[in-house]
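Inside the fold
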Number of protein chains: 2
Amino acid sequence: MTERPAKASGRRPGTSQTREAILDAAMESFTAKGFTSTTVRGVAREAGVDPALVIHFFGTKDGLFDAAVRSRGVPLRRLSEAVEGDRNGLGERLVRRYLSLWEDPETGPRLHAILHAAAASEAAAALLRGFITEEVLRPIAKTLGGDHAETRAILAGSTLIGLALVRYVLKVDALALLPAETVVATAGPAVQRYLTGELDLE
Amino acid sequence: MTERPAKASGRRPGTSQTREAILDAAMESFTAKGFTSTTVRGVAREAGVDPALVIHFFGTKDGLFDAAVRSRGVPLRRLSEAVEGDRNGLGERLVRRYLSLWEDPETGPRLHAILHAAAASEAAAALLRGFITEEVLRPIAKTLGGDHAETRAILAGSTLIGLALVRYVLKVDALALLPAETVVATAGPAVQRYLTGELDLE
């Protein structure tokens, strides 16, 4: 959407830069203040535009969140890269990659913002559901193959989301203070079992 | 706090009924509308009192949430009852009990409201962290015993929270449409391994 050539658009020059400035300000605000405290008015002020223009481009706060997340990408996409390689190390690779995304100063706050928004807004939950299904579940299920590949992938995904929620959002000491590699060594086999172990899925 | 005899309090008669009416209206609103959309003003209106009285009793929306959740209890407390009994069936019993709390029409919406609030407010996250630690982790760790009992309990807890988030909040089909007993049969052994299996916790 940001790559559309200017001459093919009927918009006046500068429109796409304005959209980009709004999306930058929106992602900045969603990440720094959270979904709940972000307002269309505040984003417009940061982007130096009239609030009516934000509404014109994106409709509502939900629409603005949707556009900001889609254009900036969900860092989870990089999870599916961890699927490649030795099948026996799959569980540990996924946990390690997932923790590194949460601990990365660039992607961590964005994951936090997205999870927060999904708990606060049904529209954001639907967006996250779509991303998880299309960008994480399907690629992992495709690599796994077999009858219950998608169920196996979402059970693995629920393990990862649970770890992140307790370790990075609730920050319960017993998990938050554990070294990342200890989490990899203990949770990796749980994820591996869901993906490739014997499961009673009839 | 609700059992304090009226004559021991310097408050005028009716104060404790008023507090109760406010807490009922607050829990109702947090559950029906969510933390973000609940306002002190709205709760006061539903309880038939002046907003200043709500502020007088509970301070802020965070304080109101804290008091409402504490006085009405966190349904998670009932989880630790599942710890009693045959040690080998512990994982499946915990998953079954946890899913039943989420699927119960009385406790499910309250768990949803609490998880939502914890993602939206640092104060609510601290409250949930305290409850999980005191009411769930400690009792389970005490029953388990051993050096890493609390770490084992929180790893098991993260599995449960992840299942609930994906199944009941994000509602991803591949997990939301699975029969509860299939979730018990597949996730039970993961929880069991965290609690009693061989883990590399040095």
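All residue numbers here refer to positions counted from 1 along the written sequence of the relevant chain. Throughout, the order in which chains and ligands are written sets their labels, letters from A for the former and numbers from 1 for the latter. Thresholds applied to this predicted model are a pLDDT of at least 70 for local features of residues and 80 or more for the giving and counting of side-chain atom pairs; totals over whole chains, interfaces and linings are not thresholded and use all residues. Note that water and hydrogens are dropped before the side-chain values are worked out from all heavy atoms of the structure.

**Some thoughts on the packing of helix α1 (residues 15-33) of chain A against helix α4 (residues 61-72) of chain A**
Residues and elements named next belong to chain A.
- Helix axes are fitted to C-alpha atoms over the stretch in contact, other axes to C-alpha atoms as well, and angles between N-to-C directions run from 0 to 180 degrees. Numbered from the N terminus, helices here are DSSP runs of H or I no shorter than four residues, and strands are runs of E no shorter than two. In the contact formed by α1 and α4, the axes pass within 9 Å of each other and the chain directions differ by 100°. Considering their axes alone, α1 and α4 lie roughly perpendicular with respect to each other. Only Lys61, Leu64, Phe65, Ala67, Ala68, Val69, Ser71 and Arg72 of α4 make contact with α1, whose side of the interface consists of Glu20, Ile22, Leu23, Asp24, Ala26, Met27 and Phe30.
- When residues are sorted by character, Ala, Val, Leu, Ile, Met, Phe, Trp, Tyr, Cys and Pro go into the nonpolar class, Asp, Glu, Lys and Arg into the charged class, and all the rest, Gly among them, into the polar class. Tallied by class, residues from the contact of α1 with α4 come to 10 nonpolar, one polar and four charged. By the definition adopted for this analysis, an angle is roughly parallel if under 35 degrees, roughly antiparallel if over 145, roughly perpendicular if from 65 to 115, and oblique otherwise. The contact definition used throughout considers only heavy atoms, calling two residues in contact when any of these lie within 4.5 Å.

**A closer look at the packing of aromatic side chains**
- Pairs were defined over the aromatic rings of Phe, Tyr and Trp, the Trp ring being its six-membered one, requiring ring centres within 6.5 Å. Orientation was assigned from the angle between planes: stacked under 30 degrees, edge-to-face over 60, tilted for the rest. This model, assessed by the stated rule, comprises 12 aromatic pairs over all chains.
- For the pair Phe57(A) and Phe58(A), a centre-to-centre distance of 5.9 Å together with 65° between the ring planes defines the contact as edge-to-face. Like Phe58(A), Phe57(A) is buried.
- Measuring from centroid to centroid gives 5.5 Å for Trp102(B) and Tyr168(B), while their planes differ by 5°, and the two rings are stacked. With Trp102(B) in helix α5 (residues 90-103) and Tyr168(B) in helix α8 (residues 149-169), this residue pair connects regions lying 66 residues apart in the sequence.
- What makes Trp102(B) buried here is its relative accessible area of 9%. Only protein chains enter the area calculation, which uses a 1.4 Å probe; residues under 20% of their type maximum are buried, those over 50% are exposed, and those in between are partly exposed.

**As for the environment of Gly48(A)**
Residues and elements named next belong to chain A.
- Inspection of the secondary structure assignment puts Gly48 in the loop between α2 (40-47) and α3 (51-58).
- Look at Gly48 and you get exposed, because its relative accessible area is 63%.
- Gly48 sits 30 residues away from Thr18 along the chain, and the two C-alpha atoms are 9.1 Å apart.

**Section: the UniProt feature "DNA-binding region" (unreviewed entry) in chain A**
- UniProt positions are given in the numbering used here, feature names are shortened, and annotations may be inferred rather than shown by experiment. In this structure's numbering, the residues bearing the UniProt feature "DNA-binding region" (unreviewed entry) are residues 39-58 of chain A.
- Taken end to end, residues 39-58 of chain A has its terminal C-alpha atoms 13 Å apart, with 80% of it in helix and 0% in strand.

**Some details on the relation of the copies chain B and chain A**
- Alignment of the copies relies on least squares applied to C-alpha atoms, considering only residues that score at least 70 for pLDDT in both. Note on the copies: chain B fits chain A at an RMSD of 0.1 Å, the axial shift is 0.0 Å, and the rotation between them is 180°. Such a combination of turn and shift is consistent with a two-fold rotation axis. The position closest to the rotation axis in chain B is occupied by the C-alpha of Gly162(B), lying 1.8 Å away.
- An overlap of 100% is found between the interface residues of chain B and their copies at the interface of chain A, pointing to a shared contact surface.

**A few points about the interface of chain B and chain A**
- Facing the 41 residues of chain B at the interface are 41 residues of chain A.
- Across the chain B to chain A interface the summed buried area is about 3500 Å²; carbon plus sulfur atoms make up 72%.
- We define a salt bridge as a contact between a side-chain nitrogen of Lys or Arg and a carboxyl oxygen of Asp or Glu at a distance within 4 Å. Put simply, chain B and chain A have zero salt bridges between them.
- Polar contacts, as counted here, are pairs of nitrogen or oxygen atoms within 3.5 Å of one another; within protein the pair requires one atom able to donate a hydrogen and one able to accept it, and residues that are adjacent in sequence qualify only if both atoms are side-chain atoms. Counting every contact that joins chain B to chain A gives four residue pairs in polar contact (both at pLDDT 80 or more).
- Contributions of two or more residues to the side of chain B that touches chain A are made by α6 (107-120), α7 (122-144), α8, α9 (173-176) and α10 (180-196) of chain B.
- With 11 residues, the single largest contributor to the side of chain B that touches chain A is α8(B).
- Residues that form the side of chain B that touches chain A fall into these classes: 26 nonpolar, nine polar and six charged. Once two parts are joined, some of their accessible surface, as seen by a 1.4 Å probe, is lost; buried area is that loss totalled over both.

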